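Chain by chain, the residues:
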Amino acid sequence: MESVVAGRPGNGNVVCDLDGVVYLLGDPIPGAGQALIDLDTSGYAVLFVTNNSTRSPETIAARIEDLTGYPARPQQVIGSAEAALTLLKAGDGPALVVGGAGIRQAMEEAGVQETDDPWAAAAVIVGLDTSLSYRRLRDAAIAVRAGARFIATNTDATYPTPDGLWPGAGAMVAAIEVASGIHPEIAGKPHPPIRRLIRQRLGPGPVWVVGDRPETDLAMAKAEGWVSVLVLTGVVGGADEIADGDEPDLVLASLADLPEALQS
Ligand SMILES: [Mg+2]
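Residues numbered from 1 in each chain as written. Predicted model: local features only at pLDDT ≥ 70, side-chain atom pairs only at ≥ 80, totals over all residues. Heavy atoms only, no water.

Quick notes on the pairing of strand E13 (residues 227-231)
Regular strands have side chains that alternate between both faces of the sheet. In terms of burial, E13 is largely enclosed, as four of its five residues are buried. Here strand E12 (residues 207-211) pairs with E13 via four bridges, running parallel. Following the sheet pairing, Trp208 is matched in E13 by Val227. Following the backbone out of E12, through helix H8 (residues 214-224) and into the adjacent parallel E13, one traces a crossover that is right-handed. (Buried < 20%, exposed > 50% of the residue type's maximum accessible area, 1.4 Å probe, protein only. Helix = DSSP H or I, 4+ residues; strand = E, 2+ residues; numbered from the N terminus. Pairing = 2+ DSSP bridges. Right-handed = clockwise from strand over helix to strand, strands pointing away.)

A word on the coordination of the magnesium ion
Distances from the magnesium ion to its protein donors, Asp17 (OD), Asp19 (O) and Asp212 (OD), fall within 2.0 to 2.2 Å. Every donor residue of the magnesium ion comes from the same chain, spaced as D-x1-D-x192-D. Remark: Asp212 occurs in the loop between E12 and H8 and Asp19 occurs in the loop between strand E1 (12-16) and strand E2 (23-24); sequence separation between them is 193 residues. Each member of the pair, Asp19 together with Asp212, is buried. (Donors = N, O, S within 2.8 Å, 3.2 Å for Na, K, Ca; no water.)

Quick look at the pairing of E1
Here E1 lies mainly inside the structure; five of its five residues are buried. On E1, burial covers both faces: Gly12, Val14 and Cys16 on one face and Asn13 and Val15 on the other are all buried. By the bridge criterion, five bridges tie E1 to strand E4 (residues 44-50) in an arrangement that is parallel. Bridge pairing links Gly12 to Tyr44 in E4.

Side note on the side chain of Lys189
Within the element layout of this structure, Lys189 appears in the loop between strand E11 (185-186) and helix H7 (192-201). The exposure class assigned to Lys189 is buried, which follows from its relative accessible area of 3%.

Examining the packing of helix H5 (residues 134-145) against helix H6 (residues 169-180)
Closest axis-to-axis distance for the H5/H6 pair is 9 Å, and the angle between their directions is 50°. Looking at the two axes, H5 sits oblique to H6. The two elements H5 and H6 meet at a crossing, and its hand is right-handed. Taken together, the residues of H6 that come into contact with H5 (itself represented by Leu137, Ala140, Ala141, Val144 and Arg145) are Met172, Ala175, Ile176, Ala179 and Ser180. When grouped by side-chain class, the residues that make up the contact of H5 with H6 number eight nonpolar, one polar and one charged. (Axes fitted to C-alpha atoms, helices over the stretch in contact; angles between N-to-C directions. Parallel < 35°, antiparallel > 145°, perpendicular 65-115°, else oblique. Left-handed = near helix turned anticlockwise from the far one by under 90°. Contact = heavy atoms within 4.5 Å. Nonpolar A, V, L, I, M, F, W, Y, C, P; charged D, E, K, R; others polar.)

Considering H5
With 12 residues, H5 should reach 16 Å at 1.5 Å per residue; the first-to-last C-alpha distance of 16 Å fits that figure. Looking at H5, one finds that the buried residues are Arg136, Asp139, Ala140, Ala141, Ala143 and Val144. Among the structural elements, strand E6 (95-98), strand E7 (123-126), strand E8 (149-152) and H6 are those in contact with the buried residues of H5. Residue Gly147 follows H5 closely and has a positive phi angle near 110°. (Expected span 1.5 Å × (residues − 1).)

Some details on the domain arrangement of the protein chain
Examined at the domain level, the protein chain breaks down into domain 1 (12-81 + 190-263) and domain 2 (89-186). The centre of domain 1, based on its C-alpha atoms, is set 24 Å off from the matching centre of domain 2. Counting residues at the interface gives 21 residues for domain 1 and 20 residues for domain 2. Of the roughly 1600 Å² buried where domain 1 meets domain 2, counting both sides, 57% is carbon and sulfur surface. It is Leu25, Thr54 and Arg213 in domain 1 that bury the most area against domain 2; as a group they hold 30% of the surface buried on that side. In this assembly, domain 1 and domain 2 are joined by one salt bridge. Between Arg213 and Asp156 there is a salt bridge whose closest N-O contact spans 3.5 Å. Put simply, domain 1 and domain 2 have eight residue pairs in polar contact (both at pLDDT 80 or more) between them. The residue makeup of the side of domain 1 that touches domain 2, split by class, is five nonpolar, 10 polar and six charged. (Domains from an automatic or database assignment. Buried area = accessible area lost by both parts, 1.4 Å probe. Salt bridge = Lys/Arg side-chain N within 4 Å of Asp/Glu carboxyl O. Polar contact = N/O pair within 3.5 Å; in protein donor to acceptor, adjacent residues only side chain to side chain.)

Some remarks on the sheet that holds E1
In spatial order, the strands read E5-E4-E1-E12-E13-E14; together these six strands make up an open sheet with parallel pairing. Each edge of the open sheet is held by one strand with a lone partner, namely strand E5 (77-79) and strand E14 (250-252). Going from strand to strand, the sheet's axes swing by 25° on average, the running direction of each strand aside. In this fold helix H1 (residues 32-41) packs onto E1 and E4, with an angle of close to 135° to the strand it touches most, E4. Packed onto the sheet, H8 meets E1, E12 and E13 and runs at close to 165° relative to E13.

Have a look at this one:
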């Protein structure tokens, strides 16, 4: 596997969150694309790491380019669905899915079969499911109660959009947790499975983590000893909303301000 993902490496790595940092739903954050191009050309290796499990790395890379103009490659993208599948081996399963295409593609690549039968499921993998039904929730809870492994891609409470904060995967995980009485294993930020995937793809030099969510992005940076950068374009609107002890190393209004901040 290539260890250096982009740019003319040498200055270090920028591990960039997506929702609330690069875009909000279908709207790019103003200046984000140019900032990514500037980081690339000034020698930072850029990696996109998202807890969103609804899309594959290929689809996410295309979406970054469509929305911002920055030509992201799938190898630069790590999602929580891939991280979740590192908890299973080929042939494990079958798994019942609460979620979308991102989880299903990661399962296919990992060699894990899908089932809709709660009594046949050896695992339940949960992410954001925008067409979640009571029936699917019921079957997931039945499977977990019956002993299937309960794997959450992430537990983000909300999903930032231009219309405010919508329910995130964490809301769906919580419903299954309450209904089954069992806690999930969690794959995404700030937990170890996704951190292991990131470490495997970092180039040499320091690591800056840019994110909008303190309990995932900033907590991950802290756990790894990486530099944390909070941007105010997502779930947090002001530095005063951060709990004492959780303060990032740097607060920026937007990703657009990062290239200049790294030069100083
Ligand atoms: Mg985010």
